[in-house]
Amino acid sequence: QELTLVPSMTVGENIFLGLRAPSIGGRAFIVRANVDELFRAGREPAPATALIETIPVALGPDVGIRDLAPLPDGRLLILAGTAYGSEIPYSIFVVDSTGANLQELSPPQSDQPTHAEGMTVLEATDKEIRLLILFDKADRAPQEVRIRH
């Protein structure tokens, strides 16, 4: 299986990388690392003691992470979709920075577009998250999504 990274994001002193692929046993993966240790000055590799952690998230069979976005409370939004090119509508999950408390906020719908590529948080309050979802097909316009929670 191939290894495919999606754009990264930082929260505090950590960088998070989402893996689009592989999807193994219905799980996708987030890699968390300490920014200072990973990108320290000089040409020496990061020390073996550097915090690098792989966080499995159960998104479903053949589903990978298409994008990550931070929420103001430190949780991570996951834009989930196809890991390998099949036509799987996107879904949106939220998880805390340790991988615990995974919750599906917006399940895939059969009428939703496939191949979502990215998302931007437009607004996040205690009651609602507004997102802009972007797609990799030229004929698919960005889509605003509102999620009540």
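Placed above this text is the structure.
The paragraphs below set out a description of the structure included in this document. In this text, all values refer to a predicted model and were calculated from it rather than measured experimentally.

Focus on a nonpolar patch on the surface
(1) Moving on: The grouping of Leu-38, Phe-39 and Ile-52 at the surface amounts to a nonpolar patch, some 300 Å² of accessible area in total.
(2) Moving on: Within the secondary structure, Phe-39 sits in the loop between helix 1 (35–38) and strand 4 (52–58).

Considerations on unusual backbone geometry
Negative phi is the rule for most residues except glycine; trans is the rule for most peptide bonds.
(1) Moving on: For the bond from Ala-21 to Pro-22, the omega torsion is 10 degrees, close enough to zero to count as cis.
(2) Moving on: Among the structural elements, Pro-22 can be located in strand 2 (residues 14–24).
(3) Moving on: Positive phi outside glycine occurs at Asn-101, with the angle close to 60 degrees.
(4) Moving on: By secondary structure assignment, the location of Asn-101 is in the loop between strand 7 (91–95) and strand 8 (103–106).
(5) Moving on: Take Asn-101: its relative accessible area is 62%, and that puts it in the exposed class.

Digging into the sheet that holds strand 11 (residues 143–148)
(1) Moving on: Taken in spatial order, the three strands of this open sheet run 9-10-11, and their pairing is antiparallel. In the strand order of this sheet, the two ends are held by strand 9 (116–124) and strand 11, each with one partner. Between one strand and the next, the sheet's axes are offset by a mean angle of 25 degrees, whatever the strand orientation.
(2) Moving on: Here strand 10 (residues 128–135) pairs with strand 11 via six bridges, running antiparallel. Among the inter-strand pairings, Leu-132 is bridged to a residue of strand 11, identified as Glu-144.

Cut-offs and rules
- Residues numbered from 1 in each chain as written.
- Predicted model: local features only at pLDDT ≥ 70, side-chain atom pairs only at ≥ 80, totals over all residues.
- Heavy atoms only, no water.
- Patch = residues over 30% accessible without salt bridge, like charges linked within 9 Å, V, L, I, M, F, W, Y side chains within 5 Å.
- Areas by Shrake-Rupley, 256 points an atom, 1.4 Å probe, with all protein chains shown as cover.
- Salt bridge = Lys/Arg side-chain N within 4 Å of Asp/Glu carboxyl O.
- Helix = DSSP H or I, 4+ residues; strand = E, 2+ residues; numbered from the N terminus.
- Buried < 20%, exposed > 50% of the residue type's maximum accessible area, 1.4 Å probe, protein only.
- Pairing = 2+ DSSP bridges.
- Axes fitted to C-alpha atoms, helices over the stretch in contact; angles between N-to-C directions.

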